[in-house]
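Examination of the molecular architecture
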Amino acid sequence: MQKKWWHGKTAYQIYPKSFFDTNGDGIGDLRGVISKLDYLQELGIEIVWLSPVYCSPLADQGYDISDYYDIDPRFGTMADMEELISEGRKRGISIVMDLVVNHCSDEHVWFQKACADPDGPYGQYFYIRDWHEGERLPCNWRSYFGGPVWDLLPGHTDKVYFHAFHKKQPDLNWENPLLRREIYRMINWWLDKGLGGFRIDAIINIKKLLPFCDLPADRDDGLCSIKTMLARTDGVNVFLREMAEETFHRYDAFSVGEVFNEKTEDLPLIIGDDGYFSSMFDFSEHLIGMDARGWYAWTQPTAEEYKRAAFTAQKRSAGVGFFSNIIENHDEPRGVSHYLPQGERSEAAKKMIGGLNFMLRGLPFLYQGQEIGMENMDRWELSQFDDINTLDEYKVALRAGLSHEEAIAAISPYSRDNARTPFQWDGTENAGFTTGIPWLPVNPNYRTVNLLQQRGRDDSVYEFYRSLISLRKNAAYAETVVYGETEPYCCGQRNLMAYFRRGERCLLVAGNFQKEVQDMPMPGPMKKLLLNNMDKLELKEKALRLEGWQFVVMEI
Ligand code: NOJ
Ligand code: CA
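Values in this document were obtained by computation on a predicted structure and should not be read as measured data.

Protein coordination at the calcium ion (ligand 2) comes from Asp21 (OD), Asn23 (OD1), Asp25 (OD), Ile27 (O) and Asp29 (OD), with a distance range of 2.3 Å. Ordering the donors of the calcium ion (ligand 2) by residue number gives the pattern D-x1-N-x1-D-x1-I-x1-D. Considered together, Ile27 and Asp29 belong to a single accessibility category, that of buried residues.

Strand order in the closed barrel formed by eight strands is E1-E2-E5-E10-E12-E13-E14-E15, with parallel pairing between adjacent strands. On average, each strand axis in the sheet is inclined to that of its neighbour by 25°, with strand direction left out of account. Two strands pair when backbone bridges link them, and strand E2 (residues 47–50) and strand E5 (residues 94–99) are joined in this way by four bridges, in the parallel orientation. Note that in E5 the partner of Ile47 across the bridge is Ser94. Contacting E2 and E5, helix H3 (residues 78–90) crosses the sheet at an angle of about 135° to E5.

Bringing the site of ligand 1 into the picture now. Taken together, Asp60, Tyr63, His103, Phe145, Phe165, Arg199, Asp201, Glu258, His330, Asp331, Arg416 and Arg420 make up all the residues around ligand 1. Here an oxygen atom of ligand 1 and a side-chain polar atom of His330 are 2.8 Å apart. Protein chains bury 97% of the 290 Å² of accessible surface belonging to ligand 1 in isolation. Its atoms largely coinciding with the cavity grid, ligand 1 occupies the largest pocket. Across the shell around ligand 1, the residue classes tally to three nonpolar, two polar and seven charged.

Right, let's talk about the side chain of Ser278 for a bit. The residue Ser278 is located in the loop between helix H9 (267–271) and strand E13 (279–281) in this model. Residue classification places Ser278 among the buried positions, given a relative accessible area of 14%. Within the local environment of Ser278, its side chain forms a polar contact with the backbone nitrogen of Ser255, the two atoms lying 2.8 Å apart. Contact partners of Ser278, with chain neighbours within four places excluded, come to Trp6, Ala253, Phe254, Ser255, Ile271 and Phe322.

Roughly 1,000 Å³ of volume is contained in the largest pocket. Along the wall of the largest pocket there are 48 residues; nearest its centre are Tyr144, Lys227, Trp295, Trp298 and Asn389. At five residues, helix H13 (residues 388–399) tops the list of elements feeding residues into the lining of the largest pocket. Across the lining of the largest pocket, the residue classes break down as 19 nonpolar, 13 polar and 16 charged. Lining the second largest pocket are 22 residues, and of these Gln342, Arg345, Asn376, Asp378 and Pro413 sit closest to its centre. Looking at the lining of the second largest pocket, the elements that each hand over two or more residues are helix H11 (335–339) and helix H14 (404–411).

To continue, consider helix H12 (residues 347–358). With twelve residues, H12 ought to run about 16 Å at 1.5 Å a step, and its terminal C-alpha atoms sit 16 Å apart, in line with that. Extensive coverage of H12 is indicated by the burial of eleven of its twelve residues. Listing the buried residues of H12 in full gives Ala348, Ala349, Lys350, Lys351, Met352, Ile353, Gly354, Gly355, Leu356, Asn357 and Phe358.

In this section: the state of the cysteines. Per the counting criterion, the structure on display carries zero disulfides. Cys55 takes part in no disulfide bond, and the closest cysteine sulfur to it belongs to Cys104, at a distance of 13 Å. Classification of Cys55 by relative accessible area gives buried; the value is 14%. With no disulfide partner, Cys490 has as its closest neighbouring cysteine sulfur the one in Cys491, 9.0 Å distant. Given a relative accessible area of 22%, Cys490 falls into the partly exposed group.

A few words now on the packing of aromatic side chains. In this description, an aromatic ring pair is defined by two values, namely the gap between the centres and the angle between the planes. Tallying each qualifying case throughout the model produces 48 aromatic pairs. Consider the rings of Phe311 and Tyr499, whose centres lie 5.9 Å apart with planes at 80°: the pair is edge-to-face. In this pair, Phe311 sits in helix H10 (residues 303–317) while Tyr499 sits in strand E17 (residues 496–502), placing the two residues 188 residues apart along the sequence. With a centroid separation of 6.4 Å and an interplanar angle of 75°, the aromatic rings of Phe464 and Tyr465 are classed as edge-to-face. The structure contains a cluster of three or more aromatic residues connected by ring pairs, namely Tyr54, Tyr68, Tyr69, Trp110, Tyr122, Tyr125, Trp189 and Trp190.

Judged by which residues are buried, strand E10 (residues 197–200) turns out to be covered on both faces: Gly197 and Arg199 on one side and Phe198 and Ile200 on the other are all buried. Direction of pairing for E5 relative to E10: parallel, over a ladder of four bridges. By the bridge assignment, Val96 is partnered in E10 with Gly197. Note that E10 and strand E12 (residues 254–257) share four bridges and pair parallel. Across the sheet, the residue bridging to Gly197 is Phe254, located in E12.

Met81, Phe198, Met243 and Met359 are the most contacted members of the largest nonpolar core, which has 157 residues in total. The residues touching Met81, leaving out its near neighbours within four places in the chain, are Leu30, Leu50, Val53, Ile71, Ile95, Met97, Trp190 and Leu195. If you look at the next biggest cluster of nonpolar residues, it comprises 14 residues, including Cys506, Leu508, Met522 and Met554.

Calculation rules
- Residues numbered from 1 in each chain as written.
- Chains lettered and ligands numbered in written order.
- Predicted model: local features only at pLDDT ≥ 70, side-chain atom pairs only at ≥ 80, totals over all residues.
- Heavy atoms only, no water.
- Donors = N, O, S within 2.8 Å, 3.2 Å for Na, K, Ca; no water.
- Buried < 20%, exposed > 50% of the residue type's maximum accessible area, 1.4 Å probe, protein only.
- Pairing = 2+ DSSP bridges.
- Helix = DSSP H or I, 4+ residues; strand = E, 2+ residues; numbered from the N terminus.
- Axes fitted to C-alpha atoms, helices over the stretch in contact; angles between N-to-C directions.
- Contact = heavy atoms within 4.5 Å.
- Near = heavy atom within 4 Å.
- Polar contact = N/O pair within 3.5 Å; in protein donor to acceptor, adjacent residues only side chain to side chain.
- Areas by Shrake-Rupley, 256 points an atom, 1.4 Å probe, with all protein chains shown as cover.
- 1 Å grid on protein atoms, 1.4 Å probe; cavity = no way out; pocket = protein on both sides within 12 Å on 5 of 7 lines; lining within 4 Å.
- Sits in = over half its atoms within 2 Å of the grid points.
- Nonpolar A, V, L, I, M, F, W, Y, C, P; charged D, E, K, R; others polar.
- Points joined across faces, edges and corners; volume = space filled by probe spheres on them.
- Expected span 1.5 Å × (residues − 1).
- Disulfide = S-S within 2.5 Å.
- Phe/Tyr/Trp six-rings, centres within 6.5 Å; stacked < 30°, edge-to-face > 60°.
- Core = buried A, V, L, I, M, F, W, Y, C linked by side-chain atoms within 4.5 Å.

Below you can see the structure in the form of structure tokens.
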């Protein structure tokens, strides 16, 4: 496997709206990100992915772009963006933007022109079909945010357009070479500004099964998940190879795909040496417990399921390329709330789940607030939710027969709002995020869980993440931490997740994924203890006694 400039780094996702607000309007902004670059450098971050800051009506919080060439005034200006790129560079931090090109906003000029003249050139930028009242829609696929993927084209009663996500996010027609050229021009325009690369949104959806046709319904709404369509479609690789060659590869830019439902045999094409992306997120742990019926039917992952999913992903990517490893992002629950049982979210347990994930082979991505152990926020009223996806899943739960209270309780743990609450900088009002009214309420636990309380405290979650990152950069261990092969250890021992990282040296990573003590046989003598989330280490001759939630990294 070829070595790449970004392999040894640690990446960090910023959700700008909730990171730091500098002008008191309750919305995080680019000046807020610039002002925290020193903080990110102190943590050890070298790649920052910004969720979208382009002009947008924010129907889906910026994943609905109305102008790819400008910054939304709520986030700042183009000058701020340019300053962020150059100030990042001074600190060794590459800035990566979100690339949302499966769809744009219905307020984008392309869509407005398409509505004005569906038979003109911009009509070909979208999927628009004739339809008359009483007729069947062109296909029965369900949009990710609920309901059919088709809606009436604004200004028309006899035409519909396709949207895989919200109706304010019309899908772009990648079959049209003119559209593809426009996209590549835009990507290169940003790369010419010195951007480090892109995180590529929802990209697997750009190839549709054409001509549109009905597929077997999977719920009583008569609709079918788009995932069924994706499984039957070929050809996305052709578009993505072309995009990489026309853009990223020319700049040696970093690219990380939001790729779900990929075909295993395609992995080398995606993240191999000459893959079209540098990396892709590994969502295998996140997929545990999902149920096609809806969030109300989802279940929390167990330690054993987590371990199996992680090891399977490590095996799939071994010798091929680097997955990007996460425990959370802006679409998912907080990792510590999702993977740890209720009542077990101690600092030690938070470090364990973070450490087990961070030490896997691949590129570690932290999501803002993860480094201080931010948690889900309990919500009891529908009015407390902002996220469009959650509002749809509430309806799905009601249709399945749950009461209002049951529906809220069932969907709340999976709401995308959990990860979107403002960053908890300190224990002052609004967690120091804003002097105004935050756009989304702060998690009430900010008085105890905040950066100020943890910075400089040796046993804090924050300082633990700093140690993990510095181990990854430590000249003596970096080769092993970055490139060492992963080999599961004592895999059959329940609720123990342990693995070797074998490179120039041999590291043993172990986490006791339960509250009870357990012994792990030692594979040989310990040469050096590198990390321990507890004060004590009970090493007997042939076994290591691990306290509940204990996590260690040792050289053996
Ligand atoms: C994935 C993004 O991460 C999510 O936030 C968004 O809603 C969809 N793609 C649509 O762009
Ligand atoms: Ca602001």
